[in-house]
Amino acid sequence: MNRPFGMLAELTYKCPLHCPYCSNPLNLSDYHEELTTAEWQRVLIEARELGVLQLHLSGGEPLQRRDLVELVGDARDLGLYTNLITSAIGLSPRLAQELKDAGLDHVQISIQADEPALSDRIAGTRSYERKIAAYRLVKELGWPLTMNVVLHRHNLDRIGRILDLAEELEADRIELANTQYYGWAWRNRAALLPSRAQLDRAEEIVRAARRRLEGKMEIIYVIPDYYSKYPKPCMGGWGRQQLTVTPNGDVLPCPAAHTLNLPRATVREHSLAWIWEESPLFRRFRGTEWMPEPCRSCNRREVDFGGCRCQAFQLTGDAARTDPVCYLSPDHGIVEEAVQAANEGAESGEEDLVPRTYTARQT
Amino acid sequence: MSTGILSTNRPHLARQVRLEWDPVRERQVLLAPEGVLVLNQTGADILGLCDGERTVADIVEELRGQYNRVDSDEVHDFLARLVAKRWVELGDE
Ligand SMILES: C[S@@+](CC[C@H](N)C(=O)[O-])C[C@H]1O[C@@H](n2cnc3c(N)ncnc32)[C@H](O)[C@@H]1O
Ligand code: SF4
Ligand code: SF4
């Protein structure tokens with residue numbers, strides 16, 4: 001069996017921001033019983049024994065956890081590569097220095113747009129200036145810096161200026177990720193989905209920027225899967241390379257897998273190794289045995305693994321179907337309809353976006 | 001990007017990556033922001049010599065002391081791939 005390379009540790013779902021594209025679950029109040037420091041420490045040890053080499057510290061906002069510095073130090077002692085994924089709200093110069101001293105390897109800071117008014121509107125709170133200060137701080141401390149930007153209808157046309165901002169801040173990498181429709185983004189899909197014309201323009205700008213910045217800044221552009229012919233190879237295959245631990249200790253093959261109707265396993269009851277190897281959730285879609293047609297006899301089945309199980313479930317109600325993003329899927333019409341609405345339907349405005357709120361319950 | 005690697009370059013690991021021993025896989029691994037490279041023995045030996053002091057020619061020379069056959073093109077290709085990912089940087093010529 002493959003061993004996982006990376007673990008996404010979602011330390012908390014608390015967050016001072018309200019991004020309407022947030023991929024976190026809607027029922028955030030189910031996650032208040034967070035793992036303790038000691039529980040996370042045990043999870044880190046078990047993860048390393050299982051083969052995990054990279055630790056992605058995320059959330060919610062990981063800086064909300066008071067034991068973050070301690071956990072980073074423990075992870076480094078275990079030999080893990082530590083990556084902080086943050087909104088930067090709460091990253092004071094002092095905390096940054098403590099994280100640096102604890103051995104944090106890499107910092108990714110998200111921003112909502114290239115200019116304050118729009119960025120703050122999307123984030124639902126004043127945050128732009130603090131983020132810019134944090135980017136500078138990270139560079140000053142000598143960390144490799146990645147700028148993360150989630151793309152959607154309301155910022156895609158500014159991609160050129162977003163790239164300029166990353167260049168000005170001397171980011172080593174920029175991840176331009178078209179919105180994936182999970183959690184709050186799923187709820188806001190109609191207002192987030194861009195038009196084909198927007199995407200075509202954006203891709204041209206990305207191509208030009210790649211040529212111009214080659215060797216200087218790495219540009220990762222995550223294509224919008226609704227507009228692709230084939231689905232994404234979600235998580236590099238189910239239970240194959242990655243795992244996610246949620247704030248309350250549930251272990252998932254991908255951060256969206258809490259939506260599936262399968263029994264969940266938690267580190268509070270089982271070892272990480274048992275969950276990875278034996279739990280029904282991880283076994284259910286591992287490999288190619290579970291696949292229906294057209295995947296079963298398709299020569300891309302080990303390339304994209306039939307796409308995303310959570311997306312299949314969301315769109316068809318059955319997680320074991322081919323991802324409807326695939327043009328070969330019998331359900332592809334569902335995606336085409338959404339795309340058509342984004343291109344021909346009534347123009348949706350920012351006012352249609354529902355902000356993410358920590359206390360919200362599932363509706 | 002097939003940047004020509006010169007024999008006179010003095011390669012070193014980029015600031016953002018780390019070389020570690022993985023006791024689980026019993027291999028040297030190169031850890032980077034969004035990727036892991038599990039190295040074979042030769043790859044590990046090459047990277048172990050990328051200290052910013054030795055030139056590529058020096059590295060090939062040292063490997064020849066360890067292995068019967070060392071293809072200098074393969075060393076160049078291996079380094080070129082990592083340079084393209086910005087995991088290895090080329091020092092001065
Ligand atoms: C859920 S956030 C948690 C970390 C931190 N609060 C932040 O936003 O940077 C983790 C990463 O996923 C990105 N992200 C959030 N929602 C997304 C979505 N629907 N699709 C793609 N990326 C998303 C964020 O920009 C961030 O880089
Ligand atoms: S609301 Fe925004 S900042 Fe907060 S967790 Fe979600 S994506 Fe990150
Ligand atoms: S049919 Fe299945 S395996 Fe083939 S390309 Fe589509 S999703 Fe991938």
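Below or above, wherever it landed, is the structure these notes cover. Being a predicted model, the structure only gives us computed values, none of them experimental.

1. Observations regarding the overall build of chain B
And then number 1: Looking only at helices and strands, chain B features three helices and five strands.
And then number 2: For chain B, the α and β elements follow one another from N to C terminus as β-β-β-β-α-α-α-β.
And then number 3: Rg of the C-alpha trace for chain B: 13 Å, near the compact-globule value of 12 Å for 93 residues, within the 12% margin.
And then number 4: Burial statistics for chain B: of 93 residues in total, 43% are counted as buried.
And then number 5: For chain B, the proportion of contacts with a sequence separation of at least 24, taken over those separated by at least 6, is 58%.
And then number 6: Carbon and sulfur atoms provide 43% of the accessible area of chain B, an area that totals close to 5000 Å².
And then number 7: Positive and negative side-chain charges of chain B, numbering 11 and 17 respectively, have mean locations separated by a distance of 5 Å.

2. Structural notes on the overall build of chain A
And then number 1: What chain A contains, in helices and strands, is 13 helices and ten strands.
And then number 2: In summary, chain A has a C-alpha radius of gyration of 20 Å against a globular reference of 21 Å for 363 residues, a match within 12%.
And then number 3: Each principal axis of the C-alpha distribution contributes one length, and for chain A these read about 55 × 45 × 40 Å.
And then number 4: Sorting the 363 residues of chain A into buried and exposed places 59% on the buried side.
And then number 5: Across chain A, the fraction of contacts at a sequence separation of at least 24, relative to all contacts at a separation of at least 6, is 73%.
And then number 6: The distance from the centre of the 43 positive side-chain charges to the centre of the 51 negative ones in chain A is 1 Å.

3. So, the packing of helix H2 (residues 56-66) of chain B against helix H3 (residues 72-84) of chain B
Each pair of packed helices can be described by the angle between their axes along with the distance between the axes.
Residues and elements named next belong to chain B.
And then number 1: Interhelical geometry of H2 versus H3 gives an angle of 125° and a closest axis separation of 10 Å. When the interaxial angle is binned, H2 and H3 end up oblique. Seen from above, H2 lies across H3 with right-handed handedness. Side by side, H2 and H3 meet where Val56, Val60, Leu63 and Arg64 of the first sit next to Ser72, Val75, His76 and Leu79 of the second.
And then number 2: Of the residues belonging to the contact of H2 with H3, the class tally is five nonpolar, two polar and one charged.

4. Comments concerning the site of ligand 1
All names here are of chain A.
And then number 1: Near ligand 1 you find 17 residues, and of these Tyr21, Gly60, Ser110, Asn148 and Gln180 are the closest.
And then number 2: Tyr21 is positioned with one of its backbone polar atoms (N or O) 2.7 Å from a nitrogen atom of ligand 1.
And then number 3: The side chain of Ser110 places a nitrogen or oxygen atom 2.7 Å from an oxygen atom of ligand 1.
And then number 4: Isolated, ligand 1 exposes 540 Å² of accessible area, and the fraction of that covered by the protein chains is 86%.
And then number 5: If you list the elements that add at least two residues to the shell around ligand 1, you get strand S2 (54-59), strand S3 (81-86) and strand S5 (145-151).
And then number 6: Each residue belonging to the shell around ligand 1 can be placed in one class, and the counts come to five nonpolar, eleven polar and one charged.

5. Observations concerning the interface of chain B and chain A
And then number 1: Counting residues at the interface gives 20 residues for chain B and 30 residues for chain A.
And then number 2: Taking both sides of the interface into account, the surface hidden between chain B and chain A amounts to around 1900 Å²; carbon and sulfur atoms contribute 50%.
And then number 3: The largest contributions to the chain B side of the interface with chain A come from B:Arg18, B:Arg25 and B:Arg86, which together make up 31% of the buried area.
And then number 4: Inspection of the region where chain B meets chain A yields three salt bridges.
And then number 5: Between B:Arg15 and A:Asp172 there is a salt bridge, with its nearest N and O atoms 3.7 Å apart.

6. What about the sheet that holds strand S9 (residues 250-252) of chain A?
Residues and elements named next belong to chain A.
And then number 1: What the ten strands build is an open sheet, ordered S7-S6-S5-S4-S3-S2-S1-S8-S9-S10; its pairing is mixed. For this open sheet the edge positions go to strand S7 (218-222) and strand S10 (265-266), each flanked by a neighbour on one side alone.
And then number 2: Judged from the four bridges that link them, S3 and strand S4 (residues 106-110) form a sheet pairing that is parallel. By the bridge assignment, Leu84 is partnered in S4 with Val107.
And then number 3: Of the strands in this sheet, strand S1 (6-12), S2 and S3 touch helix H2 (residues 68-77), which is tilted by about 150° from S3.

7. Describing the site of ligand 2
And then number 1: With respect to spatial proximity, the complete set of residues near ligand 2 consists of A:Cys15, A:Leu17, A:Cys19, A:Tyr21, A:Cys22, A:Asn24, A:Gly60, A:Ser87 and A:Arg356.
And then number 2: Residues belonging to the shell around ligand 2 are distributed by class as follows: five nonpolar, three polar and one charged.

8. Some points on the sheet that holds strand S3 (residues 27-32) of chain B
Residue and element names in this part refer to chain B.
And then number 1: A sheet is described by the order of its strands in space; here three strands give the open sequence S2-S3-S4, paired in antiparallel fashion. On the outer flanks of this sheet lie strand S2 (18-22) and strand S4 (35-38), each paired with one strand and no other. The average angle at which neighbouring strand axes cross in this sheet is 30°, direction not considered.

9. Focus: the pairing of strand S8 (residues 242-245) of chain A
All names here are of chain A.
And then number 1: On S8, burial covers both faces: Gln242 and Thr244 on one face and Leu243 and Val245 on the other are all buried.
And then number 2: Bridging between S1 and S8 involves four bridges; their strand directions are parallel. Within S8, the residue paired with Leu8 across the bridge is Thr244.
And then number 3: Judged from the two bridges that link them, S8 and S9 form a sheet pairing that is antiparallel. What sits directly across from Val245, in S9, is Val251.
And then number 4: Two successive antiparallel strands, S8 and S9, enclose a turn made up of four residues, where Gly249 displays a positive phi of approximately 100°.

10. Here's the deal with helix H1 (residues 37-50) of chain A
And then number 1: Given a rise of 1.5 Å per residue, 14 residues ought to cover 20 Å, and the 20 Å separating the end C-alpha atoms of H1(A) matches this to within 8%.
And then number 2: Where H1(A) is buried, its residues contact S1, S2, H2, S8 and helix H10 (272-278) of chain A together with S2 of chain B.
And then number 3: Of the residues one or two after H1(A), A:Gly51 is the one with positive phi, at around 115°.

11. Remarks on the pattern of salt bridges
Residues and elements named next belong to chain A.
And then number 1: Taken as a whole and judged by the stated rule, the model has 30 salt bridges over all chains.
And then number 2: One salt bridge connects Arg207 with Glu204, and the closest N-O pair in it is separated by 2.9 Å. Within this pair, Arg207 and its partner Glu204 are both found in helix H9 (residues 196-213), separated by three residues, close to a single helical turn.
And then number 3: In this structure Glu204 comes out as partly exposed when scored by relative accessible area, which is 40%.
And then number 4: Each of Lys14, Glu34, Arg65 and Asp67 takes part in salt bridges that share partners, so that together they form one network.

How each quantity is defined
Residues numbered from 1 in each chain as written. Chains lettered and ligands numbered in written order. Predicted model: local features only at pLDDT ≥ 70, side-chain atom pairs only at ≥ 80, totals over all residues. Heavy atoms only, no water. Helix = DSSP H or I, 4+ residues; strand = E, 2+ residues; numbered from the N terminus. Rg over C-alpha atoms; globule rule 2.2 N^0.38 Å. Buried < 20%, exposed > 50% of the residue type's maximum accessible area, 1.4 Å probe, protein only. Contact = heavy atoms within 4.5 Å. Areas by Shrake-Rupley, 256 points an atom, 1.4 Å probe, with all protein chains shown as cover. Lys, Arg positive; Asp, Glu negative; His and termini not counted. Charge placed at Lys NZ, Arg CZ, Asp CG, Glu CD. Axes fitted to C-alpha atoms, helices over the stretch in contact; angles between N-to-C directions. Parallel < 35°, antiparallel > 145°, perpendicular 65-115°, else oblique. Left-handed = near helix turned anticlockwise from the far one by under 90°. Nonpolar A, V, L, I, M, F, W, Y, C, P; charged D, E, K, R; others polar. Near = heavy atom within 4 Å. Polar contact = N/O pair within 3.5 Å; in protein donor to acceptor, adjacent residues only side chain to side chain. Buried area = accessible area lost by both parts, 1.4 Å probe. Salt bridge = Lys/Arg side-chain N within 4 Å of Asp/Glu carboxyl O. Pairing = 2+ DSSP bridges. Expected span 1.5 Å × (residues − 1).

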